[in-house]
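Structural overview
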Amino acid sequence: MKNKTRNMSRPLLRLSSRTIRVGLFLLLAILLFGSMVSNVVPDRLDISLSEPAPADIRAPITVEHEEQTIERRQEAVATIDCIRAPK
């Protein structure tokens, strides 16, 4: 009769420390993903063709057209008159 009492006091579901660690890691990963997903997912814009946007729309990155930039710099330099400091 003592054996039956001893077996009943043991938990029905035994979890190893590795299972607990993996479970906690997954829980932490899900919580972190959930808290940071709003920074990664772009906002949806409600705009139509040929209508002004309700607010400025900014590009996520800046791309420079190198050839055109060099040409415009040269044009700007050409339009400036020679300025000398007074002696």
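Report on the accompanying structure. (Residues numbered from 1 in each chain as written. Predicted model: local features only at pLDDT ≥ 70, side-chain atom pairs only at ≥ 80, totals over all residues. Heavy atoms only, no water.)

On to the overall build of the chain. Check the secondary structure of the chain and you find 3 helices and 0 strands. Helices (α) and strands (β) of the chain occur, in sequence order from the N terminus, as α-α-α. Put simply, the chain has 87 residues, and 0% of those count as buried. Accessible surface for the chain amounts to roughly 9,900 Å². Of this, 59% is attributable to carbon and sulfur atoms. (Helix = DSSP H or I, 4+ residues; strand = E, 2+ residues; numbered from the N terminus. Buried < 20%, exposed > 50% of the residue type's maximum accessible area, 1.4 Å probe, protein only. Areas by Shrake-Rupley, 256 points an atom, 1.4 Å probe, with all protein chains shown as cover.)

Our focus in this paragraph is unusual backbone geometry. The backbone of S50 shows a phi angle near 70 degrees, a positive value even though the residue is not glycine. Assignment of secondary structure puts S50 in the loop between α2 (17-40) and α3 (66-79). On the basis of relative accessible area, S50 is assigned to the exposed category, the value being 73%.

On the surface, L13, L15, I20, L24, L27 and L31 cluster together to form a nonpolar patch covering roughly 630 Å² of accessible area. Its location among the elements puts L15 in the loop between α1 (2-9) and α2. (Patch = residues over 30% accessible without salt bridge, like charges linked within 9 Å, V, L, I, M, F, W, Y side chains within 5 Å. Salt bridge = Lys/Arg side-chain N within 4 Å of Asp/Glu carboxyl O.)

Once that is clear, we can look at a negative patch on the surface. Side chains of E64, E66, E67, E71 and E75 sit close together on the surface and give a patch of like negative charge. Of note, E67 is situated in helix α3. Assessed through its relative accessible area of 60%, E67 is described here as exposed. (Lys, Arg positive; Asp, Glu negative; His and termini not counted. Charge placed at Lys NZ, Arg CZ, Asp CG, Glu CD.)

Taking 1.5 Å of rise per residue, the 24 residues of α2 would be expected to cover 34 Å, and the 34 Å separating its terminal C-alpha atoms lies within 8% of that figure. The largest bend in α2 is about 30 degrees, located at G34. (Expected span 1.5 Å × (residues − 1). Bend = angle between axes of the 7 residues up to and from the residue.)

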